[in-house]
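What follows is each chain in one-letter form.
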Amino acid sequence: MSNSKSVSIDKICIGEVAPGCRKVDPILIADGVKRQFGGLTAVDVAHVEIPRGLITALIGPNGAGKTTFFNLLTGFDKPNQGNWSFEGQNLAGMSPYKVARLGMIRTFQLTKALSLLTVIENMRLGAQKQPGESFLTSLIRPLWIRREKEITEVADTLLKRFKLDAKREDYAASLSGGQRKLLEMARALMSEPKLIMLDEPMAGVNPALTQSLLDHIKDLKSNGTTVLFVEHDMHMVRHISDWVIVMAEGKVVAEGPPSTVMKDQAVIDAYLGAHHDTDLGTMSKPASTRSKKGDTK
Ligand SMILES: Nc1ncnc2c1ncn2[C@@H]1O[C@H](COP(=O)(O)OP(=O)(O)OP(=O)(O)O)[C@@H](O)[C@H]1O
Ligand SMILES: [Mg+2]
């Protein structure tokens, strides 16, 4: 199954399609971003641009540096060197909190729902412009009551969309792994991000919910949100992404539309090693033991 309404390449990319190619309308640009852990170079991205308003998949084998790259871009980790900007604004050295304020929100490979809060409390925490944040608003009761009501309404609408409304008053700790992933995504949407970065949104989600999750992601795009997601499920990648960026050993080794990238020799080699000609469209999650070290705990 492929993305039915594919966007033509010349509307996405300037010039030749190649690793690090320039985009017509990039929302995020990274330059020379490097992160080493001791002797290991986890991320070494020379140049990459994320197209605005589209769904971009970031793929690559276990340990390729995808999560570390997410951590760096969103301020959860610091690179040894490099620069990156979001909507023309330099983000290097900026705290995750400020990055989020600018409209760039990420979710985690290992979910970060606060277990001892209820589902609705978790959702409320995802909102920007909390009533208590402004001294003035916090003093004027009608203002914060109104804002709190607005936040709860948005939260309830999202919980319904993600089929978590029945769990509204339950502690996040009582949710299944998949439900927690959904909660994390729903919470990320509370702040109406311009760019949402999802680290393996499908991992652990009940197959009965995966179709609706795909639909949510497509809806985000229709509403003008840019999506960047890490995923091992190649069917999902093919199905919803407009553009695919491939990382291996910390570097961007290929990029392009899903139909061509998954046939690219560099991609096949990166996933399977040389001497294989398996179509990645038939491949799902790699069977290897998955490294979780890169996730910010
Ligand atoms: N905090 C850390 N300390 C040491 N090494 C780390 C740390 N975080 C990540 N690494 C290493 O950096 C490399 C990249 O890891 P990362 O988690 O970014 O990969 P990934 O592409 O997200 O993999 P996966 O698909 O398994 O999630 C791996 O070799 C990993 O072991
Ligand atoms: Mg990862």
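So, how was this worked out
- Counting restarts for each chain: residues are numbered from 1 in the order of the written sequence.
- Whichever chain is written first becomes A and whichever ligand is written first becomes 1, with later ones labelled in order.
- Local features in a predicted model are, by the rule used here, given only for residues with pLDDT of at least 70; side-chain atom pairs are given and counted only at 80 or more, and totals for whole chains, interfaces and linings are based on all residues.
- Runs of E in the DSSP output that reach at least two residues are strands. Runs of H or I that reach at least four are helices, and both are numbered from the N terminus.
- The burial label depends on the number of other C-beta atoms within 10 Å of a residue's C-beta. Counts of 20 or more mean buried, 12 or fewer mean exposed, and intermediate counts mean partly exposed, with C-beta atoms placed from the backbone.
- Residues are treated as contacting if the C-beta atoms built from their backbones sit within 7 Å of each other.
- Whether two strands pair comes down to DSSP finding at least two bridges between them.
- Structural elements are reduced to axes, namely lines fitted to C-alpha atoms, with helices fitted over the stretch in contact, and the angle between N-to-C directions of any two is expressed from 0 to 180 degrees.
- To estimate how far a helix should extend, the number of its residues minus one is multiplied by 1.5 Å.
- Here a nonpolar core is just a set of buried residues of the types Ala, Val, Leu, Ile, Met, Phe, Trp, Tyr and Cys, joined wherever their C-beta atoms sit within 7 Å.
- The source of the domain bounds is an automatic or database domain assignment.

Caption draft 1: Spotlight on the overall build of the chain. Within the chain, the secondary structure is distributed over 11 helices and 10 strands. Split into buried and exposed, the 297 residues of the chain put 40% on the buried side. Restricting the contact set of the chain to residue pairs at least 6 apart, pairs at least 24 apart contribute 69%.

Caption draft 2: Geometry of the pairing of strand β1 (residues 26–37). Strand direction decides the pairing type here: β1 and strand β2 (residues 40–51), joined by 10 bridges, are antiparallel. What sits directly across from Val-33, in β2, is Val-45. Adjacent in sequence and paired antiparallel, β1 and β2 are bridged by two residues, among which Gly-38 carries a positive phi angle near 60°. Judged from the five bridges that link them, β1 and strand β4 (residues 81–86) form a sheet pairing that is antiparallel. In the strand pairing of β4, Ile-29 is matched with Ser-85.

Caption draft 3: Layout of the sheet that holds strand β8 (residues 226–230). Pairing is mixed across the open sheet formed by six strands, whose spatial order is β6-β7-β8-β3-β9-β10. Every other strand in the sheet has two partners, leaving β6 (104–106) and β10 (251–256) as the edge strands with one partner each. Shown here is a sheet whose adjacent strand axes are inclined to one another by a mean of 20°, direction ignored. For strand β9 (residues 243–248) and β10, the ladder comprises five bridges, and the chain directions are antiparallel. From the neighbouring strand, Ile-245 faces β10, where its bridge partner is Glu-255. Lying over the sheet, helix α8 (residues 207–222) contacts β3 (55–59), β7 (195–199) and β8, oriented at roughly 145° with respect to β8.

Caption draft 4: Spotlight on the sheet that holds β1. Spatial strand order, β2-β1-β4-β5: four strands in an open sheet with antiparallel pairing. Two strands lie at the open edges of the sheet, namely β2 and β5 (89–90), each paired on one side alone. Of the strands in this sheet, β1, β2 and β4 are in contact with helix α2 (residues 66–73), which crosses β2 at around 65°.

Caption draft 5: Summary view of unusual backbone geometry. With a phi close to 50°, Glu-87 is a non-glycine residue in the positive phi region. Looking at where Glu-87 falls in the secondary structure, it is placed in the loop between β4 and β5. You can call Glu-87 partly exposed: it has 15 C-beta atoms within 10 Å. With a phi close to 50°, Glu-249 is a non-glycine residue in the positive phi region. Within the secondary structure, Glu-249 is located in the loop between β9 and β10. Overall, Glu-249 belongs to the partly exposed group, with 16 C-beta atoms counted inside 10 Å.

Caption draft 6: Quick look at α8. For α8, spanning 16 residues, the distance from its first C-alpha to its last is 24 Å, which sits close to the expected 22 Å at 1.5 Å a residue. Just beyond α8, the residue with positive phi is Gly-224, at close to 95°.

Caption draft 7: Examining the environment of Asn-83 more closely. Of note, Asn-83 is situated in strand β4. The class of Asn-83 is partly exposed, set by 14 C-beta atoms lying within 10 Å. Along the chain, Asn-83 and Leu-73 lie 10 residues apart, while their C-alpha atoms are 9.2 Å from each other. With near-sequence residues (within four places) excluded, Asn-83 lies in contact with Asp-31, Gly-32, Asn-90 and Ala-92.

Caption draft 8: Looking closely at the nonpolar core. Ala-186 and Val-246 are the most contacted members of the largest nonpolar core, which totals 72 residues. Mapping this core onto the domain boundaries places at least three of its residues in each of domain 1 (9–112 + 194–281) and domain 2 (114–174). In this structure Ala-186 touches Met-123, Leu-158, Leu-159, Phe-162 and Leu-164, once residues within four positions along its chain are discounted.

Caption draft 9: Looking closely at the environment of Ser-8. In this fold, Ser-8 is placed in the segment before α1 (9–12). On the basis of neighbour counts, which here come to 8 C-beta atoms within 10 Å, the residue Ser-8 falls in the exposed class. A C-alpha to C-alpha distance of 9.0 Å links Ser-8 and Pro-257, two positions 249 residues apart in sequence.

Everything listed is a geometric property; what it means functionally is a separate question.
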